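Residue-level listing of the chains:
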2 protein chains.
Amino acid sequence: MNYPNNIKKQNTKLVTYDNRGMDLENLINRTNEYYLEINRALIYKKPTPIGIVEGNYKKITNAYFKAPSTLDYNGLYKGKYIEFEAKETNCKTSFPLRNIHAHQIEHIRKVIEHKGICFIIIMMNGLCYLLNGFDFIRYIDNNDRKSIEYDYIMKKGYLLKENYNGLNYLDIVDELLKENIYEFKEI
Amino acid sequence: MNYPNNIKKQNTKLVTYDNRGMDLENLINRTNEYYLEINRALIYKKPTPIGIVEGNYKKITNAYFKAPSTLDYNGLYKGKYIEFEAKETNCKTSFPLRNIHAHQIEHIRKVIEHKGICFIIIMMNGLCYLLNGFDFIRYIDNNDRKSIEYDYIMKKGYLLKENYNGLNYLDIVDELLKENIYEFKEI
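Quick notes on the rules
- Residues numbered from 1 in each chain as written.
- Chains lettered and ligands numbered in written order.
- Predicted model: local features only at pLDDT ≥ 70, side-chain atom pairs only at ≥ 80, totals over all residues.
- Heavy atoms only, no water.
- Helix = DSSP H or I, 4+ residues; strand = E, 2+ residues; numbered from the N terminus.
- Contact = heavy atoms within 4.5 Å.
- Pairing = 2+ DSSP bridges.
- Axes fitted to C-alpha atoms, helices over the stretch in contact; angles between N-to-C directions.
- pLDDT = per-residue confidence, 0-100.
- Phe/Tyr/Trp six-rings, centres within 6.5 Å; stacked < 30°, edge-to-face > 60°.
- Buried < 20%, exposed > 50% of the residue type's maximum accessible area, 1.4 Å probe, protein only.
- Lys NZ or Arg CZ within 6 Å of the ring centre and 35° of its normal.
- Core = buried A, V, L, I, M, F, W, Y, C linked by side-chain atoms within 4.5 Å.
- Salt bridge = Lys/Arg side-chain N within 4 Å of Asp/Glu carboxyl O.
- Buried area = accessible area lost by both parts, 1.4 Å probe.
- Least-squares fit on C-alpha atoms with pLDDT ≥ 70 in both.
- Parallel < 35°, antiparallel > 145°, perpendicular 65-115°, else oblique.
- Left-handed = near helix turned anticlockwise from the far one by under 90°.
- Nonpolar A, V, L, I, M, F, W, Y, C, P; charged D, E, K, R; others polar.

A. Molecular detail of the environment of Ile 140 of chain B. Residue and element names in this part refer to chain B. Looking at where Ile 140 falls in the secondary structure, it is placed in helix α3 (residues 133-142). Distance in space between the C-alpha atoms of Ile 140 and Leu 97 is 9.0 Å, their sequence separation being 43 residues. With residues up to four places along the chain from it excluded, the contact list for Ile 140 reads Leu 97 and Ile 105.

B. Layout of the sheet that holds strand β2 (residues 50-55) of chain B. Spatial ordering of the open sheet is given by β2(A)-β3(A)-β3(B)-β2(B), a layout of four strands whose pairing is antiparallel. Whereas interior strands pair on both sides, the edge strands pair on one side only; in this sheet they are β2 (50-55) of chain A together with β2 of chain B. Pairs of neighbouring strands in the sheet enclose a mean axial angle of 40°, with direction left out of account. Note: β2 of chain A against strand β3 (residues 60-65) of chain A, five bridges, orientation antiparallel. Paired with Glu 54 of chain A across the two strands is Asn 62 of chain A, which belongs to β3 of chain A.

C. Molecular detail of the confidence of the model for chain A. Residue and element names in this part refer to chain A. Per-residue confidence for chain A gives a mean pLDDT of 86; residues scoring 70 or more make up 86%. Segment residues 1-21 is flagged for pLDDT under 50; beyond a separation of four residues in sequence, or across chains, it makes 24 contacts in the model. Interface predicted TM-score (ipTM) for the complex: 0.82; the corresponding pTM is 0.84.

D. Looking closely at the packing of aromatic side chains. Residue and element names in this part refer to chain A. Counted by the stated rule, this structure contains 17 aromatic pairs over all chains. Taking 5.3 Å as the distance between ring centres and 85° as the angle between the ring planes, the aromatic pair formed by Tyr 35 and Tyr 169 counts as edge-to-face. Taken together, the positions of Tyr 35 in helix α1 (residues 24-37) and Tyr 169 in helix α5 (residues 169-178) put the pair 134 residues apart, joining distant regions of the chain. For the pair shown, Tyr 35 and Tyr 169 are each scored as buried. Here the aromatic rings of Phe 84 and Phe 119 are separated by 4.8 Å at their centres, their planes lie at 10°, and the arrangement is stacked. Of the two residues, Phe 84 sits in strand β5 (residues 80-88) while Phe 119 sits in strand β7 (residues 117-124), which places them 35 residues apart along the sequence. The same class applies to Phe 84 as to Phe 119, namely buried. Put simply, the rings of Tyr 34, Tyr 35, Tyr 73, Phe 84, Phe 119 and Tyr 169 touch in pairs and so form one group of aromatic residues. Here Arg 30 stacks its cationic end above the ring of Tyr 164, 6.0 Å away from the centre of that ring.

E. Seen up close, the nonpolar core. Counting residues in each nonpolar core, the largest one holds 50 residues, and the members touching the most others are Phe 136 and Ile 148 of chain A together with Phe 136 and Ile 148 of chain B. The residues touching Ile 148 of chain B, leaving out its near neighbours within four places in the chain, are Thr 93, Ser 94, Phe 95, Leu 97, Leu 131, Phe 136, Tyr 139 and Ile 153 of chain B.

F. Seen up close, the pattern of salt bridges. Tallied over the full model, the rule gives 20 salt bridges over all chains. Across the pair Glu 106 of chain B and Arg 109 of chain B runs a salt bridge whose closest N-O atoms are separated by 3.4 Å. Taken together, the residues Glu 106 of chain B and Arg 109 of chain B, both in helix α2 (residues 102-113) and three residues apart, mark about one turn of the helix. We classify Glu 106 of chain B as partly exposed; its relative accessible area is 42%. Overlapping salt bridges, with partners in common, bring together Arg 40, Lys 78, Asp 171 and Asp 174 of chain A in one network.

G. Fine view of the environment of Thr 31 of chain B. All names here are of chain B. Within the secondary structure, Thr 31 sits in helix α1 (residues 24-37). For the pair Thr 31 and Gly 166, spaced 135 residues apart in sequence, the C-alpha separation works out to 4.5 Å. Beyond its immediate sequence surroundings of up to four residues, Thr 31 is in contact with Asn 165, Gly 166, Leu 167 and Tyr 169.

H. The arrangement of the interface of chain B and chain A in detail. Listed by partner, the interface residues are 36 residues for chain B and 36 residues for chain A. Summing both partners gives a buried area of about 2,900 Å² for chain B against chain A, and 62% of it is carried by carbon and sulfur. For the interface between chain B and chain A, the tally reads zero salt bridges. For the side of chain B that touches chain A, the secondary structure elements donating two or more residues are β1 (42-45), β2, β3 (60-65), β4 (73-77), β5 (80-88) and α2 of chain B. If one sorts the elements of the side of chain B that touches chain A by residue count, β3 of chain B sits on top with six residues.

I. Examining the relation of the copies chain B and chain A more closely. Aligned on chain A, chain B shows an RMSD of 0.0 Å; the corresponding rotation is 180° and the shift along the axis is 0.0 Å. The symmetry that links the two subunits is that of a two-fold axis. The residues that chain B uses at the interface reappear at the interface of chain A in 100% of cases, marking a shared surface.

J. Quick look at the pairing of strand β7 (residues 117-124) of chain B. Residues and elements named next belong to chain B. Where burial is concerned, most of β7 is hidden: eight out of the eight residues are buried. Neither face of β7 is left uncovered, since the one carrying Ile 117, Phe 119, Ile 121 and Met 123 and the one carrying Cys 118, Ile 120, Ile 122 and Met 124 both have all their residues buried. The pairing of β5 with β7 spans seven bridges and is classified as parallel. Opposite Glu 83, over in β7, you have Cys 118 as the bridge partner. Sheet topology note: the β7/strand β8 (residues 127-132) ladder contains six bridges and is antiparallel. Looking at β8, one finds that Ile 120 is bridged to Leu 131. Two successive antiparallel strands, β7 and β8, enclose a turn made up of two residues, where Asn 125 displays a positive phi of approximately 55°.

K. Representation of the packing of helix α2 (residues 102-113) of chain A against helix α3 (residues 133-142) of chain A. Residues and elements named next belong to chain A. Between α2 and α3, whose axes approach to 10 Å, the crossing angle comes to 130°. When the interaxial angle is binned, α2 and α3 end up oblique. For the crossing formed where α2 meets α3, the hand is left-handed. In this structure, α2 contributes Ile 105, Ile 108, Arg 109 and Ile 112 to the contact, and α3 contributes Gly 133, Phe 134, Phe 136, Ile 137, Ile 140 and Asp 141. In terms of residue class, the contact of α2 with α3 is built from seven nonpolar, one polar and two charged.

Right, here's the structure in full:
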């Protein structure tokens, strides 16, 4: 059918984040830069660890990417430690767990144990969700599946809204801090 | 003069850390590994940021080291954010400030402002000191010198003792936490 001004109704997914030319990593980086600018938090992407085979302090001529054992982003918010991973998937019905390495999963357990703020930002079906580390681990410990069902992510995750300054995930963290979720939960 | 068993008295500096074949970075890395093993804290050396000129996901063939804008080590201790730098100097009378980049100094100010645990471990004259970020900044703000006098480091710094598991700097952090030094001090 035709809409006013001859504009065809588009698939709603076309107006969500991933179609505006901004991938998740760039969105998060923009968000963190904004938090730095307004002095709300100090959160950085960790450099990818690299193994150097040949080179000197001026120029590296042979090196390779190492598998990370921690998560992509970490930093400081209100005196507390914060660490998270950001992952996209094109899969519409579930988030494949091969996206997160086994030692990263163990690391998430430890961050929770040491009362750090820890979560995963998942972009799928054109939307971004913050899935708390605790809910992520609880799923893994209670399921044999190799992926997390989208239903679980929608139910347990917090939908993040995009604006000009990125994805404002710290407002969700504020809510979680109010609930003392990082102080008392034990895995 | 000769000592029992014909052992000559050695300069006392020869029995301190830097002469046992362990440089400061290795000492700190060993300490952090030990903290991980006994599950006391999660503290890692940040990978050096690298700018990649040529390469693919398998092999990097042309890259260079970038200047870091944050400190070398960061992590999580008792829910709190911890970040520090470790530096050695052969200079005996003062610690040259060229060892710390201008943007790292600004970063230290921000970490303190956001109530993170922040300090510098300085190895000089064969000894290791933990100089709290606050005392480091206070010196810089009140002196025009391009180095921190050793007297100031001895007076304000906390001497770290080495043992088989490295340099146990978290015991000093515990003392500082008891004094609420990271909660109330303002620069």
